[in-house]
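Structural overview
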Amino acid sequence: EPALHEHVTDRLIEQLASGAIDLAVASLPLDHPLFHVEALFTEPLLLVLPSRHRLAERPDVGWDELAEERFLILHEMHCLTGQTLGFCRRQGAELNVVMRGEQLTTILHMVTLGLGISLVPKMVAGADRSARRVYRPLRGESPQRTIAVAWHLSRYRTNASRAFVEALKESEK
C-alpha cells in the first residue's frame, strides 16, 4: 500500500538506503553513491515578514537592511537551515537568530506574531493565504534551493514510484 512519509533529509537518505522507502523528494545535495538523483526544479527563498513590518511595503529587500532584524529559523537538522545560513555567510551577512523552530508552519506563526522574520521557499509563499504575512525577494543574488527526486539504483522501481516521478516532472512544466 503506497504511503507518504515526511522527514528531514538525513532521515530520508537513511530510509532510502535501507529500502524502507522507494523514493525521496528533497533539496540538493543528495549525495550517495547508490542513488540515482534527478533535479526537478529550483526555487528562490523569500523573506517572510509580518504585513505591518517596516520592510513590508518594499518590492524587494537589501541584505544591508537585515542587520538589525530578528531571524527565526528551523533547527540545524533541517537542510533548509544549512542552505540559508551558508548563503548568508557567502553574502557576508550574519543573521541575528533569536529562535529556532521544528516546522515551517511554526516559523510562519511566529512571524505573524511579530517575533521575527525568516527566509522560506517560494512554494510556502504560494500556499500561504494569510493577509498577515508578506513575502519579498532579496535584492541582488537571491538564495535558492533545488528540489530533486532520488531512488536506490539496485532496488526495483515499482510502477507506482515511476508514475509518481512522472507526475512530479509534469507538475513542474
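Residues numbered from 1 in each chain as written. Predicted model: local features only at pLDDT ≥ 70, side-chain atom pairs only at ≥ 80, totals over all residues. Heavy atoms only, no water.

What about empty space enclosed by the protein?
Under the defined criterion, the tally for this structure stands at 2 cavities of 30 Å³ or more. In this model, the second largest cavity occupies a volume close to 60 Å³. L16, G19, I21, D22, W151, H152, R155, Y156, R157, T158 and S161 together form the lining of the second largest cavity. Per-class residue counts for the lining of the second largest cavity are 4 nonpolar, 4 polar and 3 charged. (1 Å grid on protein atoms, 1.4 Å probe; cavity = no way out; pocket = protein on both sides within 12 Å on 5 of 7 lines; lining within 4 Å. Points joined across faces, edges and corners; volume = space filled by probe spheres on them. Nonpolar A, V, L, I, M, F, W, Y, C, P; charged D, E, K, R; others polar.)

Structural notes on the side chain of H152
Here H152 lies in strand 7 (residues 144-152). The exposure class of H152 is buried, given its relative accessible area of 6%. Within polar-contact distance, the side chain of H152 engages the side chain of S154 at 3.0 Å. Apart from residues lying up to four places away in sequence, H152 is in contact with L16, A17, L34 and F35. (Helix = DSSP H or I, 4+ residues; strand = E, 2+ residues; numbered from the N terminus. Buried < 20%, exposed > 50% of the residue type's maximum accessible area, 1.4 Å probe, protein only. Polar contact = N/O pair within 3.5 Å; in protein donor to acceptor, adjacent residues only side chain to side chain. Contact = heavy atoms within 4.5 Å.)

Examining helix 1 (residues 9-18)
Residue pairs spaced three or four apart in an α-helix point in one direction, given the helix's 3.6 residues per turn. T9, L12, I13, Q15 and L16 are the residues of helix 1 that are buried. Along helix 1, the residues classed as buried sweep out an arc of 165 degrees about the axis, all on the same side. Within helix 1, the exposed residues directed more than 90 degrees away from the buried face are D10 and S18. Note on helix 1: the residue one or two positions beyond its end, G19, has a positive phi of about 90 degrees. (Arc of directions from axis to C-beta.)

Some thoughts on the pairing of strand 3 (residues 70-74)
When you tally the buried positions in strand 3, you get 4 out of 5 residues, the bulk of the element. The sheet contact formed by strand 3 and strand 4 (residues 96-101) spans 5 bridges and is parallel. Paired with I73 across the bridge in strand 4 is R100. (Pairing = 2+ DSSP bridges.)

Brief notes about helix 3 (residues 104-112)
Within helix 3 the residues assigned to the buried category are I107, L108, M110, V111 and T112. If you follow the buried residues of helix 3, they end up packed against strand 2 (35-50), strand 3, strand 4, strand 5 (118-121), helix 4 (122-127) and strand 6 (133-136). Once helix 3 finishes, G114 follows within two positions and takes phi at roughly 80 degrees, a positive value.

Digging into the nonpolar core
Residues L47, W63, L66, F71, L119 and L138 are the most contacted members of the largest nonpolar core, which totals 16 residues. Among the elements of the structure, strand 2 and helix 2 (79-90) are those that each provide at least two residues to this core. L72, I107, V111 and A125 belong to the second-largest nonpolar core, a separate cluster that totals 12 residues. (Core = buried A, V, L, I, M, F, W, Y, C linked by side-chain atoms within 4.5 Å.)

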